[in-house]
Amino acid sequence: MNSPRPNISYEQRPEIRQLDEGAINRIAAGEVVERPASAVKELVENAVDAGARRIEVDYADGGKTLIRVTDDGCGMTGDDLPLALSRHATSKIDGSDLLDIHTFGFRGEALPSLGAVGRLKITSRVEGGEGVSMIVSGGRSEPVKPAALSKGTIVELRDLFYATPARLKFLRTDRAESQAIGDVIKRLAMAEPFVGFILRDVSGGGEGRVIFRADPESGDLFDALHGRLARVLGKEFSENALAIDAEREGLHLTGYAALPTYSRGSAVSQFLFVNGRPVKDKLLVGALRGAYFDFLSRDRHPAACLFIDCDPHLVDVNVHPAKSEVRFRDPGMARGLIVSALRHALAEAGHRASTTVANATLGAMRPEGQGDAPRSYQMDQRSMGGRVGGYAPPPRPSSDMLNQSYQWQAPERFETPGFAEASQPSARFEDVESAPEVEALPLGAARAQVHENYIVAQTERGIVIVDQHAAHERLVYEKLKAQMAENGVASQALLIPEVVELGANDAQTLLEMADELARLGLVIEPFGGGAIAVRETPAILGRVDAKAMISDVLDELEDLGDSLSVQARIEAVLSRVACHGSIRSGRRMRAEEMNALLREMEATPHSGQCNHGRPTYVELKLSDIERLFGRT
């Protein structure tokens, strides 16, 4: 830059002026309404706050030309409408305590902001009153008029951002905006399982196409939430999710978290709520990742839907314009609750693995192109006398098929070995008597070993195939972790402490965690200014680059609010030790050894997945196997 370019020209003294109401609302709309999905979120939250039990959302062209939200809530009177469309007017707080918030909305900015950038029409009716309507276009409002409506409220927003055309250039395609609207509705549907939601795309006119529908759930909270999650996230998630219910010092954690073997390639299946409000909070995401970090590789992400409920005074929801982030009075308490509750639930799951593993196995066994179409066998076809339209002769085989048939039925040459003389396959079975009660156990009784690596066991309802190396590796790893937890992490003192230069803030952040790092064998001390001295490192890691380790810790603290890098490095070493100390692939095992491995898996937490999150066994139900052979 060769010359200064001030933001304000000083050739003439700048004059401070009061912005008009229209400009104020358009600025506010820029913070609250980023895209059509933001408008849908604000309007649906208002409907929920109004006590609605059924909410219908219609949109056209990705929400750019039309958004209509219909609810059966308490409604508004003719006197309420002008107030609802003025800034900072709300029925949800009285202004005396900004932390005592029990609703989604509380600022009173959404409706006037939408009216400032689009064409907004509100029609409403309270029980026992008359229907009323009011229109606001580009910030200009019209008088309240009578309207026909049976109950509730209809909010119709057309031509979003017509008053600010520059904003339209930043919107994405209709398909992308529609996807964002669907995501918003699904998150709110998870937050309110007792409320029914219908989402329609009415582009092109008419009744439109139903994109998403979730009827109100019944039963207690856990049953209702389980049913709603099955509807929103799919049956596979609900089948492989663990119920979470824990409480600590005023914070109550509920929800469902999926098994590690039901992991995802990205964090798209992580849904977090605080006092019923969907949030995307770095602290909570970090806690969720910390709870699973011992079970998943870094490129896999857990799936979970978690709710934290607490006294409103323990959390500040007014720290983000879109209310998507929160701030806890005691962040460590919230994080600790999530980590401990999820790890406890995963430990109680024991050897359980995701059902999707078996589904993927069965899918791999089906011939290509078959899909889900039922197979037709000759024995299942109707007899000739029962055919409609008379007898139809079967097609004559081709000459190639006849030649193959002749060759198949021809006598074998003398040099071709028979079954008895054939080379032995890489499979062996154990002819042992197993009591019925053994087959009744979750992993059943060992029947064979295939390719010196896979154990085939029989259960009451099917078979189990176990990867002997992966399973034993997990068992050894869990034993090593238990020993480390009992005896602590041994540290080795450096002959010459390594001094690491940092910024003052970074050094202070690390020193606040000095006690936690010391429990993991990493001992640090202040060294003046922004420097710290590393005096001891975990002995199990051998020689380490202390500066690189400190940098990794700081990066995780900045990204997630906590650091797992030291513990992850230690447990990575334990994992390698477990790998070398476990049963190797290619080792033949006796029936007693195989059954002993199965019993130990049943008794050991987390034995359903290896150290990298892959399954250690696959269970196939007898009904599924029979379906593969067309016996059902």
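Worth saying up front: this structure is predicted, and the values here are computed from it rather than measured.

Enquirer: Just to check I follow, could you spell out helix 4 (residues 110-117) for this structure?
Expert: In an α-helix there are 3.6 residues to a turn, and that puts residues three or four apart on one side. For helix 4, the buried fraction is high: 8 of the 8 residues fall into the buried class. The set of residues buried in helix 4 consists of A110, L111, P112, S113, L114, G115, A116 and V117.

Enquirer: So what exactly am I meant to see when it comes to the sheet that holds strand 21 (residues 491-501) here?
Expert: Working definition: the strands of a sheet are paired by backbone hydrogen bonds and lie parallel or antiparallel to each other. With antiparallel pairing, 3 strands are arranged side by side in an open sheet as 21-23-22. Strand pairing shows two members of the sheet lacking a second neighbour, strand 21 and strand 22 (523-526), which therefore form its edges. Pairs of neighbouring strands in the sheet enclose a mean axial angle of 20°, with direction left out of account. Of the strand pairs in this sheet, strand 21 and strand 23 (residues 531-538) are connected by 7 bridges, and their pairing is antiparallel. Its bridge partner being in strand 23, Q492 is matched across the sheet by T537.

Enquirer: Can you walk me through the pairing of strand 4 (residues 132-137) in this structure?
Expert: Side-chain direction in a regular strand flips from residue to residue, so the side chains alternate between the two faces of the sheet. Counting buried residues along strand 4, 5 of its 6 residues qualify, which places the element largely inside the surrounding structure. Two strands pair when backbone bridges link them, and strand 3 (residues 119-125) and strand 4 are joined in this way by 6 bridges, in the antiparallel orientation. Following the sheet pairing, T123 is matched in strand 4 by S133. As paired strands, strand 4 and strand 6 (residues 145-146) are joined by 2 bridges and run antiparallel to one another. Its bridge partner lying in strand 6, V132 is registered against P146.

Enquirer: Hey, could you run me through the nonpolar core in this one?
Expert: Within soluble globular proteins, side chains that are nonpolar generally end up buried alongside one another. With 58 residues, the main nonpolar core has V44, I55, I185 and F197 as its most contacted residues. Counting residues per element, this core draws most heavily on helix 6 (residues 174-191), at 8 residues. Leave out the neighbours within four places in its chain, and I185 touches V40, V44, V57, F197, L199 and F212.

Enquirer: Even after reading the chapter, I still don't get the confidence of the model for the protein, so can you show me in this structure?
Expert: Predicted coordinates in regions of low pLDDT should not be interpreted in detail. In the predicted model, the protein carries a mean pLDDT of 80, and the fraction of residues at 70 or more is 76%. When pLDDT is averaged over each element of the protein, strand 1 (residues 54-60) comes out on top at 97 and strand 17 (residues 427-429) at the bottom at 55. The model gives residues 371-393 a pLDDT under 50, and that stretch makes 14 contacts with residues more than four places away or in other chains. Scored below 50 in pLDDT, residues 412-423 shows 1 contact in the model against residues more than four places distant or in partner chains.

Enquirer: Please clarify how the pattern of salt bridges should be interpreted in this entry.
Expert: Here the idea is simple: oppositely charged side chains can pair when their charged atoms come close. Counted by the stated rule, this structure contains 20 salt bridges. Of the charged contacts in the structure, one is a salt bridge between R535 and E525, with a shortest N-O distance of 2.5 Å. Of this pair, R535 sits in strand 23 while E525 sits in strand 22, and the two are 10 residues apart along the sequence. The exposure class of R535 is partly exposed, given its relative accessible area of 34%. Residue K621 is joined to E619 by a salt bridge in which the shortest nitrogen-to-oxygen separation is 3.1 Å. Under the relative-accessibility criterion, K621 is labelled partly exposed at 26%.

Enquirer: Before we go on, may I ask you to explain the sheet that holds strand 11 (residues 251-258) in this structure?
Expert: Ordered by their spatial adjacency, 5 strands build an open sheet running 10-11-14-12-13, and the pairing between neighbours is mixed. Pairing within the sheet leaves two strands with one partner each, and these edge strands are strand 10 (241-248) and strand 13 (277-279). The mean angle between the axes of side-by-side strands here comes to 20°, regardless of whether they run parallel or antiparallel. Relative to strand 12 (residues 270-274), helix 6 is tilted by about 55°, and along the sheet it contacts strand 12, strand 13 and strand 14 (304-309). The strands that helix 10 (residues 331-348) touches are strand 10, strand 11 and strand 14; relative to strand 10, the one it contacts most, it runs at about 140°.

Enquirer: How do you make sense of the packing of aromatic side chains when you look at a structure like this?
Expert: Aromatic ring pairs are reported here in terms of the distance separating the ring centres and the angle at which the planes meet. Using the criterion set out here, one finds 3 aromatic pairs in the structure. Their ring planes at 10° and their centres at 4.5 Å tell us that F273 and F307 sit as a pair that is stacked. Of this pair, F273 sits in strand 12 while F307 is found in strand 14, placing the two residues 34 residues apart along the sequence. In terms of burial, F273 and F307 fall into one category: buried. Residue placement shows R119 over the ring face of Y162; its charged tip is 3.8 Å from the ring centre. Positioned over the ring face of Y262 is R264, at 4.1 Å from the centre of the ring.

Enquirer: What should I look at first to understand helix 14 (residues 468-487) in this one?
Expert: For helix 14, built from 20 residues, the straight-helix expectation of 28 Å at 1.5 Å per residue is met to within 8% by its first-to-last C-alpha distance of 29 Å. Capping the start of helix 14, D467 holds a side-chain oxygen 3.3 Å from the backbone nitrogen of H469, two or three residues further along. G488, located one to two residues past helix 14, shows a positive phi value of around 85°.

Enquirer: What exactly am I supposed to notice about the environment of G521 here?
Expert: Inspection of the secondary structure puts G521 in the loop between helix 16 (514-519) and strand 22. Sequence separation of G521 and I540 is 19 residues, and the distance between their C-alpha atoms is 9.3 Å. The residues touching G521, leaving out its near neighbours within four places in the chain, are V489, S491, E536, T537 and P538.

Enquirer: Even after reading the chapter, I still don't get the packing of helix 9 (residues 282-292) against helix 10, so can you show me in this structure?
Expert: Two quantities define a packed helix pair, namely the angle between the axes and the distance from one axis to the other. Two elements in contact, helix 9 and helix 10, have axes whose closest approach is 9 Å; the angle formed by their N-to-C orientations is 30°. The orientation of helix 9 with respect to helix 10, classified from their angle, is roughly parallel. At the point where helix 9 passes helix 10, the crossing takes the right-handed sense. Here L283, L284, G286, A287, L288, G290, A291 and Y292 of helix 9 lie close against helix 10, whose contacting residues are P331, R335, I338, V339, L342, R343 and L346. For the contact of helix 9 with helix 10, the class distribution of residues is 11 nonpolar, 2 polar and 2 charged.

Criteria and cut-off values
- One numbering rule holds for all chains: residues counted from 1, following each sequence as written.
- Given that the model is predicted, a residue must reach a pLDDT of at least 70 before its local features are reported, and side-chain atom pairs must reach 80 or more before they are shown or counted; all residues, however, enter totals for whole chains, interfaces and linings.
- Note that the side-chain values use all heavy atoms of the structure and ignore hydrogens as well as water.
- When a residue's accessible area, from a 1.4 Å probe over protein chains only, is under 20% of the maximum for its type it is buried; when over 50% it is exposed; and in between it is partly exposed.
- Secondary structure is summarised from DSSP: a helix means a run of H or I of at least four residues, a strand means a run of E of at least two, and numbering begins at the N terminus for each.
- When DSSP finds two or more bridges between two strands, those strands count as paired.
- Fitted lines through C-alpha atoms give the axes, limited to the stretch in contact for helices. The angle between two N-to-C directions lies from 0 to 180 degrees.
- What makes a nonpolar core is a set of buried Ala, Val, Leu, Ile, Met, Phe, Trp, Tyr and Cys residues whose side-chain atoms join them at distances within 4.5 Å.
- For this analysis, residues touch if any pair of their heavy atoms sits within 4.5 Å.
- pLDDT runs from 0 to 100 and stands for how confident the predictor is about each residue.
- Here, a salt bridge means any Lys or Arg side-chain nitrogen found within 4 Å of an Asp or Glu carboxyl oxygen.
- Any pair of Phe, Tyr and Trp rings, taking the six-membered ring for Trp, is counted once the centres come within 6.5 Å. Such a pair is stacked with planes under 30 degrees apart, edge-to-face with planes over 60 apart, and tilted for the rest.
- Here, over-ring charges are defined by two tests on the NZ atom of lysine or the CZ atom of arginine: distance to the ring centre within 6 Å, and angle to the ring normal within 35 degrees.
- To estimate how far a helix should extend, the number of its residues minus one is multiplied by 1.5 Å.
- Any N or O atom pair separated by 3.5 Å or less is treated as a polar contact, with the protein-specific requirement of one donor-capable and one acceptor-capable atom, and with residues adjacent in sequence counted only for side-chain atom pairs.
- Angle categories: roughly parallel below 35 degrees, roughly antiparallel above 145, roughly perpendicular from 65 to 115, and oblique for all the rest.
- Left-handed describes a crossing in which the near helix is turned anticlockwise from the far one by less than a right angle; the clockwise case is right-handed.
- We call Asp, Glu, Lys and Arg charged. Ala, Val, Leu, Ile, Met, Phe, Trp, Tyr, Cys and Pro are nonpolar, and the rest, Gly among them, are polar.

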